[in-house]
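Notes for the structure review
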Protein chains: 6
Amino acid sequence: VIHPKIVRNIPRADLEQIRRLGECGVATVHEAMGRVGLLDAGIRPIFPGARVAGSAVTVICGPGDNLMIHAAVSVVRPGDVLVVTTFSPSNAGMFGELLGESSRAHGVAGLVIDAAVRDTAELTAMGFPVWSRAIWAQGTTKAIAGSVNVPIVCAGAGVHPGDVIVGDADGVVVIPRAEAPAAVAAAEERVAKEARTRERLRAGELGLDIYGLREILAKEDVSWED
Amino acid sequence: VIHPKIVRNIPRADLEQIRRLGECGVATVHEAMGRVGLLDAGIRPIFPGARVAGSAVTVICGPGDNLMIHAAVSVVRPGDVLVVTTFSPSNAGMFGELLGESSRAHGVAGLVIDAAVRDTAELTAMGFPVWSRAIWAQGTTKAIAGSVNVPIVCAGAGVHPGDVIVGDADGVVVIPRAEAPAAVAAAEERVAKEARTRERLRAGELGLDIYGLREILAKEDVSWED
Amino acid sequence: VIHPKIVRNIPRADLEQIRRLGECGVATVHEAMGRVGLLDAGIRPIFPGARVAGSAVTVICGPGDNLMIHAAVSVVRPGDVLVVTTFSPSNAGMFGELLGESSRAHGVAGLVIDAAVRDTAELTAMGFPVWSRAIWAQGTTKAIAGSVNVPIVCAGAGVHPGDVIVGDADGVVVIPRAEAPAAVAAAEERVAKEARTRERLRAGELGLDIYGLREILAKEDVSWED
Amino acid sequence: VIHPKIVRNIPRADLEQIRRLGECGVATVHEAMGRVGLLDAGIRPIFPGARVAGSAVTVICGPGDNLMIHAAVSVVRPGDVLVVTTFSPSNAGMFGELLGESSRAHGVAGLVIDAAVRDTAELTAMGFPVWSRAIWAQGTTKAIAGSVNVPIVCAGAGVHPGDVIVGDADGVVVIPRAEAPAAVAAAEERVAKEARTRERLRAGELGLDIYGLREILAKEDVSWED
Amino acid sequence: VIHPKIVRNIPRADLEQIRRLGECGVATVHEAMGRVGLLDAGIRPIFPGARVAGSAVTVICGPGDNLMIHAAVSVVRPGDVLVVTTFSPSNAGMFGELLGESSRAHGVAGLVIDAAVRDTAELTAMGFPVWSRAIWAQGTTKAIAGSVNVPIVCAGAGVHPGDVIVGDADGVVVIPRAEAPAAVAAAEERVAKEARTRERLRAGELGLDIYGLREILAKEDVSWED
Amino acid sequence: VIHPKIVRNIPRADLEQIRRLGECGVATVHEAMGRVGLLDAGIRPIFPGARVAGSAVTVICGPGDNLMIHAAVSVVRPGDVLVVTTFSPSNAGMFGELLGESSRAHGVAGLVIDAAVRDTAELTAMGFPVWSRAIWAQGTTKAIAGSVNVPIVCAGAGVHPGDVIVGDADGVVVIPRAEAPAAVAAAEERVAKEARTRERLRAGELGLDIYGLREILAKEDVSWED
């Protein structure tokens, strides 16, 4: 019923919107969208300070097989982010230095993968940002059919080709392409609001007062004792 | 049978004792107390070099809800360490930059939480030490009743309000307040003893000889072969 | 049927071969050997940049007991790598600063352990490379019989005394001693081949073309769409 | 950007097709569809012999909160299967005997939940089939907004309202509603084909010969030795 | 600072209260107490239908060592439940058929252990109820000092000697001894109330109406769509 | 360096010895051998009461690929046990009803696999004993080279072709072929000894007295209090 395929052309979000979402960061964008779209907490950056924002080129591979990542590199455009999952769970090292060099040569901005990567010292030296479930040298085959640029589920989040991907120290969030403009607006509004809140908190005001939490405590019958 | 409450005033250990326990470090204090009091190994610092020692302000929250952390900030004193757990397991990002700013404004020395934190780049830049089970952007509610400064179990260890908390690269240990003086004495004695042992080991003496282990090997019928 | 023992003398691989395997790195050596010999992905270095290559001195301990590590230090030779496992799983901190000092005094090049280590700030400051399953302060006994320099299974890989151990950011690989010469040859050939491939990928050639993957995609009925 | 909502009416697949998919079973349907659509392996039946097939009524809840499950019961039709996930991971016991009674009263055929359930002795006695990630008594709130009958990701699989859900001893598979007719045809063809293969295997023929695997072994250079 | 000890005599709750708590079951008692006191979800019964209620005799052992369980059997009284944890995590099989026979001979009603058990076929045949984290044959030593009848943390819950332990299919809950009377009253009130709710739900009334949830949905801005 | 191969003929242990080891059971054999040889605790039987004893035919497969299991069925002899692992971890359902029928047709006594199995209702109905890490419907390829009857590591235990495998409710143990006679003798001696101990324990004697543990408690400074 499902036939594997590689889709060459996908719609992408506006570059300026992508840039602005990246500046807002994962936690803010996720909150602004209504607390949805996060990949699970097991997906971690391979080096401190890794950040990325770009359009998703989606990839679904066989477990321990990176054939379709090579196929994906043939259809990327500069600024894209590879988002890779597997049919069944794998922690093989499906992406390493050579794929990193190839990805960079074609302008790939980063990688998000629900599997392992390897050659992480070299990828770190290249400054190529990667979010993965594990770091492991285990090698892979290049033999199993899969698809590129079809809708996937990666680490618990649904991702369509061309969705916006933002990654930083707190994880990875996906913004559906059609919601990118609204997400930018909501996220930047939140940034502005948080700046004001930050000043009040720094001055010693309590979150209890700023957010009106004392009445919630009262309503929930939480007592105060000395 | 249990009613949620916020206790404003708690006894605290002597500041000088707290400082000295912090200098001894987690492994030494844990050993000195008879190998008890450690939080489990899943609780890790969010940046290398994080260290803390302070009095526990305990917090128990609903899963994915940080209402009670805000309440706790209203009762802390400078030097306190927030120790947070949840009714049922959660890996939501219950603490971020804004709570970090608020905590710092009230003198909180650090955070230990059996859940996730977010805005870790900003918390790291602030030098605010945190030990958590995960790092994740997932947002939280501010709606569920819980308690502040009641006895809790956090990551497998029992913690009473005012107990001494020491955290470093090797994890987090809790010292019951009443045992702090004895723990300081035992830990510092251990530090001194280890200094002597270190010199002997550096000079090439074997642990087998220093600790009298050859006779244990003999008693356990471990044979030596060439 | 099994009697615990400590074997003093073991055969070791050629030092120059060990050095060359270390330079090739874990991922390359593992690939060159036919994708075998990796310890599992849970075994991670305690600091970035850790690297080691040496001869395995194998140790099997009781859970939460480091008696046999002390015994092992008495039979090491400079350049050896301690490879430690336990009878039943343990995440106690079986190795810390003092054992690190003792190991260094006897020339031990590093440690691989399917358990936890502690005093990691100190071990990092010493530059003593360690790969472990966890970092935790939990203390240990020195009371349970085990063996040194017998064949063991460590983190899913079979290790014989004198096998070559290579560790880096991507994990740890074991090379059977008798296969070291062939592994050096195969790994260095792979390094040379990868250097050529790297240049082609950097120039923008696709893995699809370099590795002949287009015909695999065709054979597997993967379709291309626009 | 996301607003919580409860959708009352959803399209459903043909009942006879649902019944036939249920008879084919999870493994066969999953294979027939091209090896897609499985929920992850952590989702297990609470009693042996549990089987279900029905239309998905999707539910997304706050962690440890079952408000939206109660909402969902108000929109189900006989034969539906509740498919429940949470915003952030939870292993609270979000469904128990009372919700089981209520669900049964409204004709719900079963429950699939990426969280825990409780009162499992009573649910088992009722013969109410449940697939969950855990069994645990932990209680829940009824306070957090979520949605019913919107697209969700549950245990790694995308589920739309009205998709067909099949569950048995091997797990749970989701069949997109539009693909149900093709899936029935492909699955029943597979059942027939497997019946013929089964007879040949029972008679002692080898899979190597039936599936033409000897030539794959040869092509992959697998040697035969005595 | 901590010295291992065996306490012979402990206070126990009233037998009739223990019996009534056991009849209410784990989920009900846990709810009645304010949703506290559960051991974590990884603690599971070794056979379906296992149920127990009794007074806790607490045991803390070395990892993979059951010396202190033998000590505990010497101080139990008929109807007690052994509650066992370890200093550092262990999944060794610390309790088997022989300890089961010995426990039964002294009237022990059951076992709760944050480790593994073995001889589970025999223990099941004996009808000796056990809740454990794992089932595994791994053997243990009888050599490491620990304590009996001191306060412990077992699987995330604080347990004092003489607390009431209730276990069933949904897990294990601990009721502080002093709270047993109030817990009985609250739990039985809850049972009665649930019986009335059950009838209404069976008759088709909705939880939305019975629990007044429609107004919570409205307050949280959850919209209804057709 | 490693070339995949299928070895047709392997030495096997004496059938009577295998039978007697099976009767002693996993825990007893493991103890009798000196507490070695267990597969890890994650390997569980798919139905209660599963028991097996036989000669290991070892199989190493690609992740999510069962080509080599088909190859293995072509070299088994009646009474053999298939012991299957993968190059890199996989929880795909690599073995199901059809392979079960084929295995049975060739006399295979059971399966031990560090991966998942499916069609577990049918395998249970057949009474075909299986120990696996998971139960999951996920399908597999038949395309990746591996080996049959070479030494492997399966679930943490080294297994050579022809070693004796014993499985029951407590897990799986491997007995090196050459040690089978000694293991039989030691295990049966242990069974006899345990029978005598069982009688004493049933009569109320304490393990403290039977095993001489009171002096260990004294030596370890464990105090007795009232």
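Not measured: the values here are computed from a predicted model. (Residues numbered from 1 in each chain as written. Chains lettered and ligands numbered in written order. Predicted model: local features only at pLDDT ≥ 70, side-chain atom pairs only at ≥ 80, totals over all residues. Heavy atoms only, no water.)

Glancing now at the overall build of chain A. Scanning chain A for helices and strands turns up eight helices and 12 strands. Across the 226 residues of chain A, 62% fall into the buried class. In chain A, the proportion of contacts linking residues at least 24 apart, taken out of those at least 6 apart, comes to 74%. Just so you have it, chain A exposes about 7,700 Å², and 51% of that area is on carbon and sulfur atoms. A distance of 6 Å separates the average location of the 22 positive side-chain charges in chain A from that of its 27 negative side-chain charges. (Helix = DSSP H or I, 4+ residues; strand = E, 2+ residues; numbered from the N terminus. Buried < 20%, exposed > 50% of the residue type's maximum accessible area, 1.4 Å probe, protein only. Contact = heavy atoms within 4.5 Å. Areas by Shrake-Rupley, 256 points an atom, 1.4 Å probe, with all protein chains shown as cover. Lys, Arg positive; Asp, Glu negative; His and termini not counted. Charge placed at Lys NZ, Arg CZ, Asp CG, Glu CD.)

Counting residues at the interface gives 34 residues for chain C, matched by 35 residues for chain A. With both chains or domains summed, chain C and chain A bury close to 3,100 Å², and 59% of this area falls on carbon and sulfur atoms. Summed over the shared surface of chain C and chain A, the number is five salt bridges. Of all the elements, helix α6 (residues 180-202) of chain C adds the most residues to the side of chain C that touches chain A, at six residues. Each residue belonging to the side of chain C that touches chain A can be placed in one class, and the counts come to 15 nonpolar, five polar and 14 charged. (Buried area = accessible area lost by both parts, 1.4 Å probe. Salt bridge = Lys/Arg side-chain N within 4 Å of Asp/Glu carboxyl O. Nonpolar A, V, L, I, M, F, W, Y, C, P; charged D, E, K, R; others polar.)

To continue, consider the interface of chain E and chain D. Interfaces are often sized by the amount of accessible area the parts lose when they come together. Counting residues at the interface gives 34 residues for chain E, matched by 35 residues for chain D. Both sides together, the interface formed by chain E and chain D hides about 3,100 Å², and carbon and sulfur atoms give 59% of it. The three residues of chain E that bury the most area against chain D are D170, W224 and E225 of chain E, which together make up 19% of that side's buried surface. Between R118 of chain D and E31 of chain E there is a salt bridge, with the nearest N and O atoms lying 2.8 Å from each other. The tally of links from chain E across to chain D stands at 15 residue pairs in polar contact (both at pLDDT 80 or more). Where the side of chain E that touches chain D is concerned, the elements lending two or more residues are α2 (26-32), α6 (180-202), α7 (207-210), α8 (213-219) and β12 (223-225) of chain E. A total of six residues in the side of chain E that touches chain D trace back to one element, the largest contributor, which is α6 of chain E. Of the residues contributing to the side of chain E that touches chain D, the split by class is 15 nonpolar, five polar and 14 charged. Two strands pair when backbone bridges link them, and strand β1 (residues 5-7) of chain D and β12 of chain E are joined in this way by three bridges, in the parallel orientation. Paired with K5 of chain D across the strands is S223 of chain E, a residue of β12 of chain E. (Polar contact = N/O pair within 3.5 Å; in protein donor to acceptor, adjacent residues only side chain to side chain. Pairing = 2+ DSSP bridges.)

A separate point is the relation of the copies chain C and chain A. Rotating chain C by 120° and moving it 0.0 Å along the rotation axis overlays it on chain A with an RMSD of 0.0 Å. Taken together, the rotation and translation relating the two chain copies correspond to the operation of a three-fold axis. Among all residues of chain C, the one whose C-alpha sits closest to the rotation axis is P48 of chain C, at a distance of 6.3 Å. (Least-squares fit on C-alpha atoms with pLDDT ≥ 70 in both.)

Moving on: helix α4 (residues 97-105) of chain A. α4 of chain A sits mainly inside the fold: seven of its nine residues count as buried. By the burial criterion, the buried members of α4 of chain A are E97, L98, L99, G100, E101, S102 and S103 of chain A. On the buried face of α4 of chain A, the contacting elements are α3 (67-73), β4 (80-86) and α5 (120-126) of chain A together with α6 of chain C. Among the residues trailing α4 of chain A, G107 of chain A stands out with phi positive, at a value near 90°.

Our focus in this paragraph is the environment of R190 of chain F. Locating R190 of chain F in the fold gives a position in helix α6 (residues 180-202). Overall, the relative accessible area of 25% leaves R190 of chain F in the partly exposed class. The contacts of R190 of chain F, once residues within four sequence positions are left out, are R118 of chain E together with T28, E31 and A32 of chain F.

Let's shift gears to the state of the cysteines. All names here are of chain F. Within this structure, the stated rule accounts for zero disulfides over all chains. Considering cysteine sulfurs only, C61 is the nearest to C154, which forms no disulfide, with 11 Å between them. Taking relative accessible area as the criterion, C154 reaches 0% and is therefore assigned buried. (Disulfide = S-S within 2.5 Å.)

Once that is clear, we can look at the packing of aromatic side chains. For the structure shown, the criterion picks out six aromatic pairs over all chains. On the basis of an interplanar angle of 10° and a centroid distance of 5.8 Å, the ring pair of F95 of chain B and F128 of chain B is categorised as stacked. Taken together, the residues span a long stretch of sequence, with F95 of chain B in the loop between β4 (80-86) and α4 (97-105) and F128 of chain B in the loop between α5 (120-126) and β6 (130-135) at a distance of 33 residues. Judged by relative accessible area, which is 1%, F95 of chain B ranks as buried. The class of F128 of chain B is buried, set by a relative accessible area of 0%. Of note, K142 of chain E hangs over the ring of Y211 of chain F, and the distance from its end group to the ring centre comes to 4.9 Å. (Phe/Tyr/Trp six-rings, centres within 6.5 Å; stacked < 30°, edge-to-face > 60°. Lys NZ or Arg CZ within 6 Å of the ring centre and 35° of its normal.)

At their nearest, the axes of helix α6 (residues 180-202) of chain A and α4 of chain B sit 8 Å apart, and the two run at 15° to each other. Comparing their axes, α4 of chain B and α6 of chain A come out roughly parallel. Crossing of α6 of chain A against α4 of chain B: the hand is right-handed. Here α6 of chain A contributes E194, T197, R198, L201 and R202 of chain A to the contact with α4 of chain B, which in turn contributes E97, L98, E101, S102 and A105 of chain B. (Axes fitted to C-alpha atoms, helices over the stretch in contact; angles between N-to-C directions. Parallel < 35°, antiparallel > 145°, perpendicular 65-115°, else oblique. Left-handed = near helix turned anticlockwise from the far one by under 90°.)

Turning next to the pattern of salt bridges. Residue and element names in this part refer to chain B. Under the definition given, this model contains 108 salt bridges over all chains. A salt bridge links D114 to R133, with the shortest nitrogen-to-oxygen separation between them at 2.6 Å. Here the residue D114 occupies a position in strand β5 (residues 110-117), and R133 occupies one in strand β6, the gap between them amounting to 19 residues. The buried category is assigned to D114, whose relative accessible area is 16%.

Bringing α6 of chain F into the picture now. Compared with an ideal rise of 1.5 Å per residue, which puts 23 residues at 33 Å, α6 of chain F spans 32 Å between its outermost C-alpha atoms and is within 8% of the ideal. Listed as buried for α6 of chain F are A180, A183, V184, A187, E194, T197, R198 and L201 of chain F. Residues of α6 of chain F that are buried make contact with α4 (97-105) of chain E together with α1 (15-24), α2 (26-32), β10 (164-168), β11 (171-175) and α7 (207-210) of chain F. Directly beyond the C-terminal end of α6 of chain F, a positive phi value near 105° is found at G204 of chain F. (Expected span 1.5 Å × (residues − 1).)

Our focus in this paragraph is the pairing of strand β3 (residues 52-61) of chain F. The side chains of a regular strand alternate between the sheet's two faces. Residue and element names in this part refer to chain F. Of all 10 residues that make up β3, nine are buried, and the element is covered over most of its length. Where β3 meets β10, four bridges bridge the pair, whose relative direction is antiparallel. Its bridge partner being in β10, V52 is matched across the sheet by G167. Sheet topology places β3 next to strand β4 (residues 80-86); seven bridges connect them, and they run parallel. Bridge pairing in β4 places A56 opposite V81. In the classification by handedness, the crossover that spans β3, the intervening helix α3 (residues 67-73) and the parallel β4 is right-handed. The pairing of β3 with strand β7 (residues 147-148) spans two bridges and is antiparallel. When the bridges of β7 are listed, V59 appears paired with V148. (Right-handed = clockwise from strand over helix to strand, strands pointing away.)

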